[in-house]
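Architecture and fold: a report
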Amino acid sequence: MIPGRRRAAVMSFSVWVFGALMLQSVSSQNAGFVKSPLSETKLTGDTFELYCDVVGNPTPEIQWWYSEINRVDSFRQLWDGARKRRVFISTAYGANGVSVLGVSHLTLDDAGTYECRASNDPRRNDLHQNPATTWIRAQATVMVLQKPSIAASEHVTLPVEGDSLTLQCNLSSAHSAHQESYWMKNEYEIPETRSPNRNTEYRLHRPRGDDAGVYMCVYTFEIAPPANATIEVKSVPEITGHKRSENKNEGQNALLYCKSVGYPHPVWTWRKFDNGEFKELDNQTGRFFVNSRENYTELHISDLDISLDPGEYHCNATNVIGSRIEKSVLRVRSHLAPLWPLLGVLAEIIILVIIIVVYEKRKKPEDLQDDDDLAGPVKTNSTNNHKDKNLRQRNTN
């Protein structure tokens, strides 16, 4: 009996150990890449970003390392704020580990091999362990080329003398064969501006406020990234649309807006003209909410008060060139305003009924006597007719 019991106990223990190992294998997962960084070619002065997404249980730790192109065995770890704060690293841990490495204002020395390392091995930071066995790695090569030299027109402020404005760019030097050039405004390509010329220009006829913005001449190359130069065309803001008036009932919400053209984008402010003074409105003034973005602004007023909110509201658009102001008038009506037409009709009916009743009650007695006189002659004529009939009958006899 005793050996049998021991055999059963050993089997139970073996099953427990096997189950524990299986549970551990199911609950834990080695680190693996969901997204690896990709190699890029950039120009001096540009910015690059590399992405790394890893999965595992527990969530793996992520690190970034760097090596010069010809020294792949001498990696150095990168930290956020390195290279005079041109390096930025953003990492978030959840179900996955996600990290972004970026380097701005690139120089030729930033070229090299960038490596994303990930590990959830408990021994990953043990100096006696070989990192090659505890960390997984994904590499990307970043090439940095000297930016071509582009001579561009100076920045311009409208209005300008004459009827037109010409923007010019000239590609003076490049390390790769030039393909074509084209123009962009506010990050959108301008149609019908592509050409194979190294010297390119774009003409504005009678430029106005809506022609202001950021213009860019772009050159493309066979084996190098596109290069560009920027020309700013500035102007004072011009408010091209606003709500001149708004009619609302008390308790409702009101919306006033203004939109403009011009560059740089203006700073918007709202003010109310009250008792000869201007009162500035913002999101800290209770029922007033201001929502502004670039060349558009809105003023929301909630729960209108008939005694406080009616009046003039002014939107102000200001940039470094100048400012413009437009006025909107807000009218607030009583709760009974929708009933006024019905009340007017009802009042007219009541007045008409009163007039009729008063007229009937104040009818003069002479009018009644005249009615009796009109009835008398009719009776007399009837009697005379009978007398005439009798006379005719006697004469016949």
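The preceding data block contains the structure.
Read on for an overview of the structure.

Parameters at a glance
Residues numbered from 1 in each chain as written. Predicted model: local features only at pLDDT ≥ 70, side-chain atom pairs only at ≥ 80, totals over all residues. Heavy atoms only, no water. Helix = DSSP H or I, 4+ residues; strand = E, 2+ residues; numbered from the N terminus. Buried < 20%, exposed > 50% of the residue type's maximum accessible area, 1.4 Å probe, protein only. Polar contact = N/O pair within 3.5 Å; in protein donor to acceptor, adjacent residues only side chain to side chain. Contact = heavy atoms within 4.5 Å. Patch = residues over 30% accessible without salt bridge, like charges linked within 9 Å, V, L, I, M, F, W, Y side chains within 5 Å. Areas by Shrake-Rupley, 256 points an atom, 1.4 Å probe, with all protein chains shown as cover. Salt bridge = Lys/Arg side-chain N within 4 Å of Asp/Glu carboxyl O. Pairing = 2+ DSSP bridges. Disulfide = S-S within 2.5 Å. Axes fitted to C-alpha atoms, helices over the stretch in contact; angles between N-to-C directions. Phe/Tyr/Trp six-rings, centres within 6.5 Å; stacked < 30°, edge-to-face > 60°.

Once that is clear, we can look at the side chain of Asp110. Tracing the sequence through the fold places Asp110 in the loop between β7 (96–103) and β8 (112–119). In this structure Asp110 comes out as buried when scored by relative accessible area, which is 2%. Here Thr107 takes part through its backbone nitrogen, which lies 2.9 Å from a polar atom of the side chain of Asp110. Residues contacting Asp110, with those up to four places away along its chain left out, are Tyr66, Arg83, Arg86, Val103, His105 and Val144.

A separate point is the environment of Ser302. With respect to the secondary-structure elements, Ser302 resides in the loop between β24 (296–301) and β25 (311–318). In sequence terms Ser302 and Gly251 are 51 residues apart; their C-alpha atoms lie 7.6 Å from each other. The contacts of Ser302, once residues within four sequence positions are left out, are Gln252, Asn253, Arg287 and Phe289.

A contiguous nonpolar patch, built from Leu343, Leu346, Ile350, Ile354 and Val358 and spanning about 420 Å² of accessible area, is present on the exposed surface. Judged by relative accessible area, which is 45%, Leu343 ranks as partly exposed.

A few words on the sheet that holds strand β11 (residues 156–157). Spatial strand order, β11-β17-β16-β13-β14: five strands in an open sheet with mixed pairing. The sheet terminates laterally at β11 and β14 (188–189), the two strands that pair on one side only. In this sheet, strand β17 (residues 227–234) lies alongside β11 in parallel orientation, the contact comprising two bridges. Within β17, the position partnered with Val156 by the bridge is Val233.

It is worth spelling out the state of the cysteines at this point. Here, the word disulfide means a covalent bond between the sulfur atoms of two cysteines. Tallied over the entire structure, the rule returns three disulfides. There is a disulfide in this structure between Cys52 and Cys116, and the S-S distance comes to 1.9 Å. One quick way to see it: the torsion about the S-S bond of Cys52 and Cys116 is about -80°, and its sign makes the bridge left-handed. Linking Cys52 in strand β3 (residues 48–57) with Cys116 in strand β8, this pair joins segments that are 64 residues apart in sequence. Judged by its relative accessible area of 1%, Cys52 falls in the buried class. What makes Cys116 buried here is its relative accessible area of 0%.

Let us look at the sheet that holds strand β21 (residues 267–274). What the five strands build is an open sheet, ordered β19-β26-β25-β21-β22; its pairing is mixed. The open sheet is flanked by β19 (245–249) and β22 (277–281), the only strands paired with a single partner. Across the sheet, the axes of successive neighbouring strands diverge by a mean angle of 30°, strand direction being ignored. Summarising the sheet, β19 and strand β26 (residues 323–333) pair through five bridges and their orientation is parallel. Residue pairing for β26: Lys248 is matched across the bridge by Val332.

This paragraph deals with the packing of aromatic side chains. The full count for this structure, using the stated rule, is six aromatic pairs. Seen from their ring centres, Trp183 and Tyr202 are 6.2 Å apart, and the 35° between their planes marks the pair as tilted. Of this pair, Trp183 sits in strand β13 (residues 178–185) while Tyr202 sits in strand β15 (residues 199–205), and the two are 19 residues apart along the sequence. A residue is classified by how much of its surface remains accessible, and Trp183, at 0% relative accessible area, is buried.

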